[in-house]
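Geometric and topological summary
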Amino acid sequence: MRGLDLKQDELFSYTTLEQRIPSDHPLRPLRKLVDTVLASMDQDFDGLYSTRGRASIAPERLLRASLLQVIYTVRSERQLVEQIDFNLLFRWFVGLSMDEPVWDHSTFSQNRDRLFNQEVARLFFQRIKSLEQWPGYASDEHFSVDGTLIDAWASHKSFVRKDGGEPPKDGTRNPYADFKGEKRSNATHRSKTDPEARLARKNKGDASRLAHMAHTMIEHRSGLIVDVECTEFNGHAEVEAALAMLERTAKPGSTVGADKNYDQQAFVQGARKLKVTPHVAQKAKSSAIDGRTTRHEGYTTSLKIRKRIEEGFGWLKTVGGLRKTKLIGRAKLSAQLLLGFSVYNLIRLGSLSGWWRGSHV
């Protein structure tokens, strides 16, 4: 018998929001971990807000919403708010009831400096490393470092001379510009849109684009990310960022794997000064390391495992939506990177524990 396509709405619902979410949904254990981290940050949140005035939207809800944006690759905060409004799973994860109104998308921009800044994002990132599950999966002796380019929210047309140049204009929204024969470099030019972006390319055969640099440090047991840095693109940023992360995170006696770009005296000597053994891939000529390092079995093992660091970069640029940043400046990008890699670590913990299934997202 064919059913009727009734258009009349139900007046009441006898199912709660909690009942709508499957008991085996992977967001359930994920939210428990997130709530544990946010509970540990309660006093830190108190210091961000005044004791007077109208109550704000709970920072815990805003941060849970931002995590959803990364997990489900929601491309904008405007679209995220729309999803929270009609998606019951999103409402449940954020902490809204079925009848509560959702906030305006501009709330994220208004809280960018106070809540979604580098300090709070790094605190959230570090508190994940304090979860009881972390020591069972993470190594504290063997690491790898690497960097990647994150495209800036700026075009080549905004990259003009520092001595008074202006972007091309012809009265249209997308003016024509011809840079053929013009020598353009970071020494003489700067982007009007994002002054902190630098003209960069991965190798000699790659196209140049305005970008920032993201650096990560992983541990070798499970591929968890233990530290993150964001810098400008220059000839020594990778080495400086790697040494800064080693100084913060690695204890004496540790090892660090890296590709051939790190096979230089500055990095090798800097790592050894921190009492960390550098397991960098050797250049064909003029290598900074010799047989005293390469003869050990651990060196070969580090070179194999270090390639897993690319998994985090690949996830961030595809799922995390950070192939190109939509914010201006390295400070905001750094907060995005820390939040994105925080989600990566939570999902990685879920995969190792067996409760995370990618088919749900």
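Rules and cut-offs
Residues numbered from 1 in each chain as written. Predicted model: local features only at pLDDT ≥ 70, side-chain atom pairs only at ≥ 80, totals over all residues. Heavy atoms only, no water. UniProt positions renumbered as here; feature names shortened; annotations may be inferred. 1 Å grid on protein atoms, 1.4 Å probe; cavity = no way out; pocket = protein on both sides within 12 Å on 5 of 7 lines; lining within 4 Å. Points joined across faces, edges and corners; volume = space filled by probe spheres on them. Helix = DSSP H or I, 4+ residues; strand = E, 2+ residues; numbered from the N terminus. Nonpolar A, V, L, I, M, F, W, Y, C, P; charged D, E, K, R; others polar. Domains from an automatic or database assignment. Buried < 20%, exposed > 50% of the residue type's maximum accessible area, 1.4 Å probe, protein only. Arc of directions from axis to C-beta. Phe/Tyr/Trp six-rings, centres within 6.5 Å; stacked < 30°, edge-to-face > 60°. Lys NZ or Arg CZ within 6 Å of the ring centre and 35° of its normal.

An unreviewed UniProt entry lists the protein under the name Transposase IS4 family, with Azotobacter chroococcum NCIMB 8003 as the source organism. UniProt, in its Sequence similarities (unreviewed entry) section for the protein, records the words "Belongs to the transposase 11 family." Looking at the Function (unreviewed entry) heading of the UniProt record, one finds this comment for the protein: "Involved in the transposition of the insertion sequence IS5."

Considerations on the layout of surface pockets
A probe matching the size of a water molecule, rolled over the atoms, marks out where space remains unfilled. A volume near 600 Å³ is recorded for the largest pocket. Along the wall of the largest pocket there are 26 residues; nearest its centre are Q69, E77, R112, L327 and Q336. Every element with two or more residues in the lining of the largest pocket is listed here: α4 (59–71), α7 (106–110) and α15 (330–353). With five residues, the top contributor of residues to the lining of the largest pocket is α15. Among the residues forming the lining of the largest pocket, the class breakdown is 12 nonpolar, nine polar and five charged. There are two domains that each give the lining of the largest pocket at least three residues, and those are domain 1 (17–46 + 55–116) and domain 2 (137–152 + 211–322). In this structure, the second largest pocket spans a volume of roughly 470 Å³. Forming the boundary of the second largest pocket are 20 residues, of which G147, K202, M213, E238 and N261 lie nearest the centre.

Considering helix α13 (residues 297–305)
Y299, S302 and L303 are the residues of α13 that are buried. Seen from one end, α13 has its buried residues packed into an arc of 100 degrees, which puts them on one side. More than 90 degrees from the buried face of α13, the exposed residues found are E297 and K304.

A look at the packing of aromatic side chains
If you walk through the whole model with that rule in mind, you get eight aromatic pairs. Here W103 and F108 contribute two aromatic rings whose centre-to-centre distance is 6.3 Å and whose plane-to-plane angle is 65 degrees, an arrangement assigned as edge-to-face. Like W103, the residue F108 is buried in the burial classification. Ring plane angle 70 degrees and centroid distance 6.5 Å describe the contact between F313 and F341, whose orientation is recorded as edge-to-face. A residue pair is termed long-range when its members are at least 10 positions apart, and F313 in helix α14 (residues 309–318) and F341 in helix α15 qualify at 28 residues. Taking the relative accessible area as the measure of exposure, F313 reaches 3% and is therefore buried. These aromatic residues form a ring-pair network of at least three members: W103, F108 and F116. Sitting over the face of the ring of W92, R31 holds its NZ or CZ atom 5.3 Å from the ring centroid.

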